[in-house]
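A structural walkthrough
Residues per chain, in single letters:
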Amino acid sequence: MSRRIIVPFGPQHPVLPEPIHLDLVLQDERVVEAIPSIGYIHRGLETLVAKREYPEYVYIAERTCGICSFIHGMTYCQGVEQVMNLEVPERALFLRTIWSEYSRMHSHLLWLGLFADAIGFENLFMASWRLRESVLDVLEETTGGRVIQGSCKVGGVRRDIPGETLECMVRDLEGFERDFKEIANVFLRDESIIARTRGVGVLSHGDAYHLGAVGPTARGSGVAIDLRKTGYAAYGKIHFKPVVETDGDCYARCAVRVKEVFSSIDIVRQAAAKIPEGEIEVKPKGNPNGECFSRAEQPRGELVHYVKGDGSRHLVRSRIRTPTLTNVPPLVKMLAGCELADVPVIVLSIDPCIGCMER
Amino acid sequence: MAFFEMAKTAILTTLKSPATRRYPAVSAKVTAISRGRVTIDPARCISCGMCMRKCPSGAICVVKDEKTWSVDRLKCVVCNCCVEVCPAHCLTMETGYSPSMTVHEGIEVVQITYVKPERPPQKGAEEKSGQGS
Ligand code: SF4
Ligand code: SF4
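Residues numbered from 1 in each chain as written. Chains lettered and ligands numbered in written order. Predicted model: local features only at pLDDT ≥ 70, side-chain atom pairs only at ≥ 80, totals over all residues. Heavy atoms only, no water.

1. Quick notes on the site of ligand 2
All names here are of chain B. In the vicinity of ligand 2 lie 14 residues, with Cys45, Cys48, Gly49, Cys51 and Cys86 positioned nearest. The pocket occupied by ligand 2, as judged from atoms lying within 2 Å of grid points, is the largest cavity. Of the residues belonging to the shell around ligand 2, the class tally is twelve nonpolar, two polar and no charged. (Near = heavy atom within 4 Å. 1 Å grid on protein atoms, 1.4 Å probe; cavity = no way out; pocket = protein on both sides within 12 Å on 5 of 7 lines; lining within 4 Å. Sits in = over half its atoms within 2 Å of the grid points. Nonpolar A, V, L, I, M, F, W, Y, C, P; charged D, E, K, R; others polar.)

2. Quick notes on the site of ligand 1
All names here are of chain B. Around ligand 1, the neighbouring residues are Val38, Cys55, Pro56, Ser57, Ile60, Cys76, Val77, Val78, Cys79, Asn80, Cys81 and Cys82. Of the pockets mapped on this structure, ligand 1 occupies the second largest cavity. Considering only residue class, the shell around ligand 1 consists of ten nonpolar, two polar and no charged.

3. A closer look at the side chain of His305(A)
Residue and element names in this part refer to chain A. Following the sequence through the fold, His305 ends up in strand E7 (residues 301–310). When its relative accessible area of 1% is taken as the criterion, His305 is described as buried. There is a polar contact of 3.1 Å between the side chain of His305 and the side chain of His72. Sequence-distant contacts of His305, defined by excluding residues within four places in its chain, comprise Ala61, His72, Thr75, Tyr76, Cys292, Phe293, Ser294, Arg319 and Ile320. (Helix = DSSP H or I, 4+ residues; strand = E, 2+ residues; numbered from the N terminus. Buried < 20%, exposed > 50% of the residue type's maximum accessible area, 1.4 Å probe, protein only. Polar contact = N/O pair within 3.5 Å; in protein donor to acceptor, adjacent residues only side chain to side chain. Contact = heavy atoms within 4.5 Å.)

4. Structural notes on the packing of helix H3 (residues 90–119) of chain A against helix H4 (residues 122–143) of chain A
All names here are of chain A. The contact between H3 and H4 brings their axes to 8 Å, and the two run at 160°. One finds that H3 runs roughly antiparallel with respect to H4. Of the two elements, H3 crosses H4, and the hand of that crossing is left-handed. Residue classes in the contact of H3 with H4 are distributed as 16 nonpolar, five polar and three charged. (Axes fitted to C-alpha atoms, helices over the stretch in contact; angles between N-to-C directions. Parallel < 35°, antiparallel > 145°, perpendicular 65-115°, else oblique. Left-handed = near helix turned anticlockwise from the far one by under 90°.)

5. Brief notes about the packing of aromatic side chains
All names here are of chain A. All told, the structure shown has nine aromatic pairs over all chains when counted by the stated rule. Summarising the aromatic geometry, the rings of Phe176 and Phe180 are spaced 6.3 Å apart at their centres and angled 10° between planes, so their arrangement reads as stacked. Within this pair, Phe176 and its partner Phe180 are both found in helix H5 (residues 163–189), separated by four residues, close to a single helical turn. Each ring, one from Tyr232 and one from Tyr235, has its centre 5.1 Å from the other, and the planes form 65°; the classification is edge-to-face. Side by side, Tyr232 and Tyr235 carry an identical accessibility label, which is buried. Here a set of aromatic residues connected by ring pairs shows up, and it is made of Phe176, Phe180 and Phe262. Its guanidinium or amino end placed over the ring of Trp129, Arg132 lies 5.2 Å from that ring's centre, counting from NZ or CZ. (Phe/Tyr/Trp six-rings, centres within 6.5 Å; stacked < 30°, edge-to-face > 60°. Lys NZ or Arg CZ within 6 Å of the ring centre and 35° of its normal.)

6. Structural notes on the interface of chain A and chain B
The partner chain B presents 28 residues to the 31 residues of chain A that form the contact. Around 2,500 Å² of area is buried between chain A and chain B when both sides are counted, 49% of it from carbon and sulfur atoms. Among the residues chain A hides against chain B, the three largest losses belong to Tyr59(A), Arg130(A) and Glu191(A). Together they make up 22% of the total. Lys54(B) is paired through a salt bridge with Glu56(A); the nearest N and O atoms lie 3.8 Å apart. Our enumeration of links across chain A and chain B arrives at nine residue pairs in polar contact (both at pLDDT 80 or more). Counting only elements with at least two residues in the side of chain A that touches chain B, the list comes to helix H1 (57–62), H4, H5 and helix H6 (191–197) of chain A. At nine residues, the largest contribution of residues to the side of chain A that touches chain B is made by H4(A). (Buried area = accessible area lost by both parts, 1.4 Å probe. Salt bridge = Lys/Arg side-chain N within 4 Å of Asp/Glu carboxyl O.)

7. Details of the sheet that holds strand E3 (residues 68–72) of chain B
Residue and element names in this part refer to chain B. In spatial order, the strands read E2-E3-E5; together these three strands make up an open sheet with antiparallel pairing. Sheet topology places strand E2 (60–63) and strand E5 (107–111) at the edges, where each strand pairs with a single neighbour. Recorded for the sheet is a direction-independent mean angle of 15° between the axes of neighbouring strands. As paired strands, E3 and E5 are joined by five bridges and run antiparallel to one another. Across the sheet, residue Trp69 finds its bridge partner in E5, namely Val110. (Pairing = 2+ DSSP bridges.)

8. So, the sheet that holds strand E1 (residues 4–9) of chain A
Residue and element names in this part refer to chain A. Ordered by their spatial adjacency, three strands build an open sheet running E1-E2-E3, and the pairing between neighbours is antiparallel. Looking at the sheet topology across the chains shown, the edges are occupied by E1 and strand E3 (30–37). Averaged over all pairs of adjacent strands, the angle between strand axes in this sheet comes to 25°, irrespective of strand direction. Where strand E2 (residues 21–27) meets E3, seven bridges bridge the pair, whose relative direction is antiparallel. Bridge assignment links Leu26 to a residue of E3, and that residue is Val31. Strand contacts of helix H10 (residues 323–335): E2 and E3, with the helix running at about 160° to E3, the strand carrying the most contacts.

9. Concerning the layout of surface pockets
Considering only enclosed or pocket space, the largest pocket measures out at about 1,200 Å³ in volume. Around the largest pocket, the lining is made up of 31 residues, and of these Trp129(A), Arg130(A), Glu133(A), Ala19(B) and Thr20(B) lie nearest the centre. Of all the secondary-structure elements, those providing two or more residues to the lining of the largest pocket are H4 and H5 of chain A together with helix H1 (7–15) of chain B. Ranked by the residues each element gives to the lining of the largest pocket, the list is headed by H4(A), at ten residues. Broken down by class, the residue content of the lining of the largest pocket amounts to twelve nonpolar, eight polar and eleven charged. (Points joined across faces, edges and corners; volume = space filled by probe spheres on them.)

10. Topic: the nonpolar core
Ranked by size, the top nonpolar core spans 119 residues in total, and within it Tyr76(A), Tyr102(A), Met105(A), Leu124(A), Phe176(A), Phe180(A) and Leu335(A) carry the most contacts. With 17 residues, H3(A) is the single largest residue contributor to this core. The contacts of Phe180(A), once residues within four sequence positions are left out, are Leu109(A), Leu112(A), Leu131(A), Val258(A), Val261(A) and Phe262(A). Of all hydrophobic cores here, the second largest spans 21 residues; its members include Cys45(B), Ile60(B), Cys82(B) and Val110(B). (Core = buried A, V, L, I, M, F, W, Y, C linked by side-chain atoms within 4.5 Å.)

11. A few points about H10(A)
All names here are of chain A. Along its 13 residues, H10 runs 18 Å from first to last C-alpha, staying within 8% of the 18 Å computed at 1.5 Å per residue. Of all bends in H10, the biggest is about 35°, found at Pro329. The set of residues buried in H10 consists of Pro323, Thr324, Thr326, Asn327, Val328, Pro330, Leu331, Met334 and Leu335. Where H10 terminates, the next one or two residues include Gly337, which has phi positive at roughly 95°. (Expected span 1.5 Å × (residues − 1). Bend = angle between axes of the 7 residues up to and from the residue.)

Okay, here's the thing in structure tokens:
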């Protein structure tokens, strides 16, 4: 038996967009164990809740993550609204759903690009990001911000999407879907992608469930958990099925995300068809007094915002549990037994968002 | 399983014009509601300090005695909050970004030129006291 050595992986590594450190215990080329350490970019956003009034904290909650910022803002608002017993107007809920789905498309396309890049498929990486740009353009046109939308507020949304714009968005989705089909085929069928991802980093159904995997990582292993099915925002009025794959390897996780982009397109279409006319916000009266766990489905999985108020303008506690944090134990499990050369692909396959994990 | 799935997209890409813009020869894409940077109309600011209190990043500083309004461009996260809360509606969100700068140039100080309009004193005071009694 050969000697065991430890190879440090990260926090700076070409494949990692954000810093996480893994100590890889190797025997020859095989990883025996992976020991993660986090804490490189802790920003203390939760503490800021005591210094900013609760309506302004939305801006900070949104900046937890630079990719799914809208959903962070929305989840925080949902929590505060629940504490204050606010009835959010229907139209605002539909608008939140539409923006959430656009965020999901943009996040998944970003990830698909990064994944292609990790595999070494530069051309595909650029094709994905070119498509993502068209999603960002829609977000900028409707909210004013490409990445940080800033359109959610306690009690509703800040901006309305006029009817014509909505029609135009739905029309543009057709072209987007056609273009995305082209690259989706590459991700799902191309020989080189399959060779690099099939059977790599397998997470069994049982492990995914017991280690608390969420989002596409869980759904790639056949665990059909999708928080959108709980019917927050307007999801209760929309028909869709969670995308589930059963193989549990990197290919399955990639396939889940590819198919979720199609399901997002469908959700936006349904929401645009069903959106009612009316108000887009209610004015909150008084201050939040009480506590609430608010949950939502981020592109990476289940996001939890805990808010606690004591009847003053400032909340006393905010706690954010992001999906990447719960996906780290499954990641450690996937890494055990893999080849060193597969580590980048496996790490990326959980779609790690370290900035939002450490808040 | 298939070979050369990407070939069609890749070949078409070489035939199409570039997806990116030739910035700065072609200006960057902005929409009517894009958030670029905050500007102030110093003639209308009433120095109430609301923007300073509500700014989530603490970028604004209003000094009432010196009649100055300043914003730290490098701290500002362009969230539009100050524009929404300003009671005098003197802040606007421009669509263009502020140019790149060094740390020391980030703070922009504006002298507030607002003058409280003179109230016709006698008549107003009389009316008020009349109402009060
Ligand atoms: S835009 Fe936001 S961060 Fe910038 S000065 Fe205004 S309130 Fe502060
Ligand atoms: S800019 Fe507006 S909010 Fe800020 S001090 Fe002046 S009047 Fe008040």
